[in-house]
Amino acid sequence: AKCHRVMKSPELLRHAGAMAEIFPEATFVFMHRDVHKVVPSYCRLTEQCQPSLFDTYDRGALGRYTLADSAALWATAIAWRRSLSRDEHRRRCVDVRNDELRRDPIGVAKRIYDVAGLEWTDETRRALQRHVDEEAAGRRGHGAN
């Protein structure tokens, strides 16, 4: 049986080619989110994680830096993807839009399993559905018992 690891850090986009060499059977799932939401979110994360480094700072400059750094990350990943043959790209890469994941999480998971060559069973579907239902209940109740 294949094992899987989930590495969610956008920073890993800088190293997609090396990751592909280290993990030759890896499937790469590329999440596509609205850049107008991603960059401000990343800026807020930077503010929260490193407040002691800055007494004052220019939020506009932080935004410009974050956008430029994100563009460099994406350019590296795109260059790696373009270097793949059509067959290798189809076998190793899955593109998922954030709105698609929210609308049909089970369908997206099934597609990822198919590309990754992982076994999709009724139990897998039921377990994922339980998770989706629990997440939805948590959002509605905001953590209420």
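Before going further, it helps to spend a moment on the nonpolar core. Membership of the largest hydrophobic core is limited to 11 residues, which are Leu-13, Ala-16, Met-19, Ala-20, Phe-28, Phe-30, Leu-73, Ala-77, Trp-80, Leu-84 and Cys-93. In this view, Met-19 contacts Met-7, Leu-12 and Phe-28; residues no more than four positions away in its chain are not counted.

We now examine the confidence of the model for the chain. In this model, the chain carries an average pLDDT of 86, and 90% of its residues clear a pLDDT of 70 or more. Between the elements of the chain, mean pLDDT differs from a low of 80, seen in helix α2 (residues 35–49), to a high of 96, seen in helix α6 (residues 105–116).

A cluster of nonpolar side chains, contributed by Val-35, Leu-67, Trp-74 and Ile-78, occupies part of the molecular surface with about 310 Å² of accessible area. Considering every element that reaches the nonpolar patch, the biggest residue donor is helix α3 (residues 59–83), with three residues. Relative to the helices and strands, Ile-78 is located in helix α3. Since its relative accessible area comes to 40%, Ile-78 is described here as partly exposed.

Within the structure shown, the criterion is met by four aromatic pairs. Ring plane angle 40 degrees and centroid distance 6.4 Å describe the contact between Phe-30 and Trp-80, whose orientation is recorded as tilted. Of this pair, Phe-30 sits in strand β1 (residues 28–32) while Trp-80 sits in helix α3, placing them 50 residues apart in sequence. Taken as a pair, Phe-30 and Trp-80 share a single burial class, namely buried. Here the aromatic cluster, defined as three or more aromatic residues joined through ring pairs, consists of Phe-28, Phe-30 and Trp-80. Residue placement shows Arg-81 over the ring face of Phe-30; its charged tip is 4.2 Å from the ring centre.

The rules we used
- Residues numbered from 1 in each chain as written.
- Predicted model: local features only at pLDDT ≥ 70, side-chain atom pairs only at ≥ 80, totals over all residues.
- Heavy atoms only, no water.
- Core = buried A, V, L, I, M, F, W, Y, C linked by side-chain atoms within 4.5 Å.
- Buried < 20%, exposed > 50% of the residue type's maximum accessible area, 1.4 Å probe, protein only.
- Contact = heavy atoms within 4.5 Å.
- pLDDT = per-residue confidence, 0-100.
- Helix = DSSP H or I, 4+ residues; strand = E, 2+ residues; numbered from the N terminus.
- Patch = residues over 30% accessible without salt bridge, like charges linked within 9 Å, V, L, I, M, F, W, Y side chains within 5 Å.
- Areas by Shrake-Rupley, 256 points an atom, 1.4 Å probe, with all protein chains shown as cover.
- Salt bridge = Lys/Arg side-chain N within 4 Å of Asp/Glu carboxyl O.
- Phe/Tyr/Trp six-rings, centres within 6.5 Å; stacked < 30°, edge-to-face > 60°.
- Lys NZ or Arg CZ within 6 Å of the ring centre and 35° of its normal.

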